Every structure is written in structure tokens, then in C-alpha cells.
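# Coordinate inspection notes
Listed below are the residues making up each chain.
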Amino acid sequence: MNTVTPTIIIGSQWGDEGKGKITDLLSNDADLIVRFQGGNNAGHTIVVGEEVFKLHLLPSGVVMGKKNCIASGVVIDPFVLLEEIEKIENRGINIDLTIDPYCHMILPYHKEIDQSSESKLGNKKIGTTGKGIGPCYADKINRTGIRFVDFLDRDQFKNLLEINVEKKNSQYENCFFSAKDIFEKYLPLIPKLGKYLGDVSGIVYKNLKSKKIIFEGAQGTMLDISHGTYPFVTSSNTISGGVFTNVGFPPMNLNTVGIVKAYTTRVGSGPFPTELNDEMGEQIRKVGHEFGTTTGRPRRCGWLDLELLKYANRLNGFKQIALTKLDVLSGIEKIKVATSYKLNEKLMGYPLTVSQLESVSPVYKEFPGFEFDQDISDYNKLPKEAKEYIEFIEDQLNVPVKIVSTGPKRQQTIVR
Ligand code: IMP
């Protein structure tokens, strides 16, 4: 039996690094694509020819007609999933999908709690996507959540809904839900989604050594619930190690691909040492179309931060890097990269606490700008200044940059 090392695709910054395009690219010769955390807070844009696909829950492999799985670590809003399935099917694509029955369901009260908790926080708000992700994971950890396996059993679903709705209505002032109404609204979804349920952990385990598997991460390392910029994070483990518990297979060697955007962005609140609150930030946002796929919010933009990437590499163990959106920097006269931080006049690396991260000033190295055509697919045809930029990142992180994305389309990619 041949042995194939599974690939895992991880965002190295605060999400939106362009994972969708790289997953789509690497899915070309893959057999199975598995989404393992997060929910419809994520948004992946994939461009195939003239067609644009925007996905929130479905693994990117659906666009290629591959086998896809949603693992138990994902929280699912069933209406969003169904709508996404129907949209893709209406474009003439057959979906091969298995959903783990242990996935937790996002229900209307989760969205309400998410949005009202945020508005109560005022200027201390996290800036969540408002999709109910945090409250759904909170119920999972509290052992009160409703999973797909419960959803399939009408009586169990009804019973759990009644318990949950009563609790939410009494705990939250804006919750006036009726378990009966939710039950009746969700009932027609049971046959429509029930047919996709299957043993995802078992499918992955069975195929680990013989099939090419891609694990598709959502969000980014710095949004990890444990290791990110807490509390300005999402509610799941986004780093590579999370895949083992979120899917349910034994720890093993993985080909971890770190997706690094050629600059940095973040949506929502929280520290961001290299943020540019000036015209340059505005230019990057405009050229890079840095507006959220899920919420349409303008993303905060800044220079590349190597301290942050070294931290991300330490957490994930990148075997290779895919550098995305390099074309967005094309035409900028001078490009900066943060190589370390300064706090109270002292040089330092990634700090121990988030409050220190809020106070550090980045120390920059300046690079001469470069200009190139988005359709370049040969590394040697890149201007020497662009290669210098790429090779500096590679040297600093000691991880090879194997893929460089020079535009949104599939063919606008350099594979080294
Ligand atoms: P939540 O995941 O909706 O609870 O939001 C928590 C934080 O994660 C907020 O700052 C969001 O903007 C951010 N976030 C969640 N999903 C994504 C994503 O896919 N890309 C970028 N940021 C995200």
C-alpha cells in the first residue's frame, strides 16, 4: 500500500489569506477534502474561469466535483448549508458530501445572543460576524448543544429544543423564542440534510494511508481560541493540531501548508501592530478588494509581520508556504516588512501577552517596490525585487515558499 501524507491548509494570519484558491488548486489531484472547524463565519472565494464561487460552509473541493466531508468540529447553520448546496447544484455541479452527525447546529437563538452580546459590549466588542458561532460552541462545551444526530431524531430534537429555548429565554433579555416555531421551521430540513450524514472520522481513518486527503482550515492562526489574540478571536482551534480532535483521527505527520498573504489584514477588533491607518492602507484595501466575504466589512490592512508569522509557524509547523496576493503590492514604491517589535525601547519578538502586543511598535525593513503582470506563471519572470521579497520571507521563516499567487484566477499562480 502506498503511503500519502495528508495535506492541511492553514491561514497564518487573521484569516482571509486566500485559502479557498489554494485549496482549490491543491484539490486538483486530491481524493477527499475535509473542512474541520468554524462555521459560516468563514468565506472562501474561488474563481474558475469567469465563474466566481463564494463558499461559507461547503469545502472548496465541491467546485472540483471531489468527495467532501464536514467534520464534527464544524458548527453548521442548516439553512445556510442547504442554500449553499442548492446554489452549487443549480450551477450544474453534483455535490458529494458527508456531514459528521456530531456537528453542532446553529439555531436562531445563537445568532440573537451573538448579536445582542456584541451590541452590549459597545466599543469593547469583538467584532464577530454575528452568525451565532461563539454561542453555538459555548453550548457545545456546556453540553447543552443540539447536534445533527439529535436533529434526525424528531422527538429528541423537540425535547432538546424545548430545554434550550426555555433556558435562553430566561437567561437573555432579547430572547423570546418559541420551541414549537423553531421545530416546525426546521422539520422540513431533516430529510434534505439527513441524507448527507455519515461517519466522517471513519472515512478519514480508512483513507489516511491510501487516498490524498486535504484538510481545509477556516479563519487563521491569530484567531485561534487558545493561541490567538484572545478575546479578539473566534471560538474554535484554528491551528493545525486542532484537526486531530476536530475530525477524530490519531496525531500524525501532516504536510502543513501555511497560507501567508503578502501583507496583513484583519476584520473585527483587536491588536494589529503593523496596521496602516493611512493612504497606503486605503490603497491596499482597494487594490486587494479587502472587504469581508461574509459580512462585507472593510478589512483593516497593514504590512507583513514576520514576528507574527514566526509565531504562527511555531504553532503550526509549516512545511511549505503559499504566498498569496503578491500582485496587490505590485506598483507600490517602497514596501515594508516588520522584522521585530520594540516595547519601551527594547527589541523583542512575539510577546507573551495580548496587552503587550497592543503596545509594541514594529521595527521595519524596507524593500524596493516591484511591478509585474498578474498572468506570470514562471518564477524566473518575476522582477528581482519581488523575488528578493519572497526569498526574505523564506529565509526568515526557514520554510520554502512553494506557491506564489499573482491574481485571483487559477492560472495566475506560480508553483516552484
Ligand atoms: P466569530 O467567529 O463570528 O465569533 O468572530 C470572531 C472574530 O473572528 C471576529 O474578529 C471576526 O471578524 C473574525 N472572523 C471570523 N471568521 C473569520 C474569517 O473567516 N476571516 C476573517 N476573520 C474572521
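Residues numbered from 1 in each chain as written. Predicted model: local features only at pLDDT ≥ 70, side-chain atom pairs only at ≥ 80, totals over all residues. Heavy atoms only, no water.

In this section: unusual backbone geometry. Cis rather than trans, the peptide bond between Tyr-230 and Pro-231 has omega equal to 10°. The residue Pro-231 is located in the loop between β9 (213–216) and α10 (242–248) in this model. In this structure, Asp-16 takes a positive phi of about 60° despite not being glycine. With respect to the helices and strands, Asp-16 occurs in the loop between β1 (7–11) and α1 (19–26). The partly exposed category is assigned to Asp-16, whose relative accessible area is 22%. The backbone of Asn-344 sits at a positive phi, close to 50°, despite the residue not being glycine. (Helix = DSSP H or I, 4+ residues; strand = E, 2+ residues; numbered from the N terminus. Buried < 20%, exposed > 50% of the residue type's maximum accessible area, 1.4 Å probe, protein only.)

We now examine the pattern of salt bridges. Inspection of every chain in the model, using the stated rule, returns 20 salt bridges. Of the charged contacts in the structure, one is a salt bridge between Glu-290 and Lys-325, with a shortest N-O distance of 3.0 Å. Taken together, the residues span a long stretch of sequence, with Glu-290 in the loop between α11 (279–287) and β12 (300–302) and Lys-325 in the loop between β14 (320–324) and β15 (334–343) at a distance of 35 residues. Classification of Glu-290 as buried rests on a relative accessible area of 0%. Classification of Lys-325 by relative accessible area gives partly exposed; the value is 21%. Lys-384 serves as the salt-bridge partner of Glu-385, at 3.3 Å between the closest nitrogen and oxygen. Residue class for Glu-385 comes out partly exposed when judged on its relative accessible area of 22%. (Salt bridge = Lys/Arg side-chain N within 4 Å of Asp/Glu carboxyl O.)

Read across the sheet, nine strands follow the order β7-β5-β2-β9-β1-β10-β14-β18-β19 without closing on themselves; strand pairing throughout is mixed. The open sheet is flanked by β7 (96–99) and β19 (413–415), the only strands paired with a single partner. Between one strand axis and the next, the sheet turns by 20° as a mean value, whatever way the strands run. Here strand β18 (residues 401–405) pairs with β19 via three bridges, running antiparallel. Following the sheet pairing, Ile-403 is matched in β19 by Val-415. (Pairing = 2+ DSSP bridges. Axes fitted to C-alpha atoms, helices over the stretch in contact; angles between N-to-C directions.)

Moving on to the nonpolar core. Residues Val-34, Val-204, Phe-215, Val-243, Val-247, Leu-326 and Tyr-389 are the most contacted members of the largest nonpolar core, which totals 53 residues. Looking at which domains feed residues into this core, each of domain 1 (7–103 + 196–256) and domain 3 (260–415) gives three or more. Membership of the second largest hydrophobic core comes to 39 residues, among which are Leu-57, Val-63, Phe-151 and Leu-197. (Core = buried A, V, L, I, M, F, W, Y, C linked by side-chain atoms within 4.5 Å. Domains from an automatic or database assignment.)

For the rest of this paragraph, the subject is the site of the ligand. Close contacts around the ligand come from 15 residues, with Asp-16, Asn-41, Thr-129, Thr-234 and Arg-297 the closest. Thr-129 places a side-chain nitrogen or oxygen 2.6 Å from an oxygen atom of the ligand. Across the complex, the protein chains shield 96% of the 470 Å² of accessible surface that the ligand would expose by itself. Class assignment of the residues belonging to the shell around the ligand gives a composition of six nonpolar, seven polar and two charged. (Near = heavy atom within 4 Å. Polar contact = N/O pair within 3.5 Å; in protein donor to acceptor, adjacent residues only side chain to side chain. Areas by Shrake-Rupley, 256 points an atom, 1.4 Å probe, with all protein chains shown as cover. Nonpolar A, V, L, I, M, F, W, Y, C, P; charged D, E, K, R; others polar.)

Okay, the domain arrangement of the chain next. Often the size quoted for an interface is simply the accessible area lost on bringing the parts together. When its domains are assigned, the chain resolves into domain 1 (7–103 + 196–256), domain 2 (105–192) and domain 3 (260–415). On a C-alpha basis, the centroid separation for the pair domain 1 and domain 2 is 23 Å. If you look at the interface, domain 1 gives 26 residues, while domain 2 gives 22 residues. Buried area between domain 1 and domain 2, both sides added, is near 2,000 Å², and the carbon and sulfur share of it is 69%. Summed over the three residues of domain 1 that lose the most area to domain 2, namely Val-75, Pro-78 and Phe-79, the buried surface amounts to 26% of that side. Where domain 1 touches domain 2, the interface holds one salt bridge. In this structure, Asp-77 engages Lys-111 in a salt bridge whose closest nitrogen and oxygen atoms are separated by 3.1 Å. Along the contact surface separating domain 1 from domain 2 lie seven residue pairs in polar contact (both at pLDDT 80 or more). If you list the elements that add at least two residues to the side of domain 1 that touches domain 2, you get β6 (75–76) and α2 (78–90). Ranked by the residues each element gives to the side of domain 1 that touches domain 2, the list is headed by α2, at three residues. In terms of residue class, the side of domain 1 that touches domain 2 is made up of 14 nonpolar, 10 polar and two charged. (Contact = heavy atoms within 4.5 Å. Buried area = accessible area lost by both parts, 1.4 Å probe.)

So, about the pairing of strand β3 (residues 44–48). Summarising the sheet, β3 and strand β4 (residues 51–55) pair through five bridges and their orientation is antiparallel. Across the sheet, Val-47 pairs through a bridge with Val-52, a residue of β4. If you look at the hairpin formed by β3 and β4, you'll find two residues sitting between the two strands, and Gly-49 has a positive phi there, around 60°.

With that settled, consider the side chain of Lys-21. Among the structural elements, Lys-21 can be located in helix α1. It turns out Lys-21 is buried and unbridged, and the closest side chain with the opposite charge, Asp-327, is 7.4 Å from it. At 2.9 Å, the side chain of Lys-21 and the backbone oxygen of Lys-409 are in polar contact. (Lys, Arg positive; Asp, Glu negative; His and termini not counted.)

A separate point is the environment of Arg-147. Looking at where Arg-147 falls in the secondary structure, it is placed in the loop between α4 (133–142) and α5 (148–152). For the pair Arg-147 and Tyr-102, spaced 45 residues apart in sequence, the C-alpha to C-alpha distance is 5.5 Å.

Compared with the 26 Å implied by 1.5 Å per residue over 18 residues, the 25 Å span of helix α6 (residues 154–171) between its first and last C-alpha is a close match. Those residues of α6 that fall on the buried side of the exposure criterion are Phe-157, Leu-160, Leu-161, Asn-164, Val-165 and Lys-168. For α6, the angular spread of buried residues about the axis comes to 135°, placing them on one side. Turned more than 90 degrees away from the buried face of α6 sit Asp-155, Glu-166 and Ser-170, all of them exposed. Check the buried side of α6 and you find it contacts β8 (104–105), α3 (108–121), α4, α5 and α7 (179–186). (Expected span 1.5 Å × (residues − 1). Arc of directions from axis to C-beta.)

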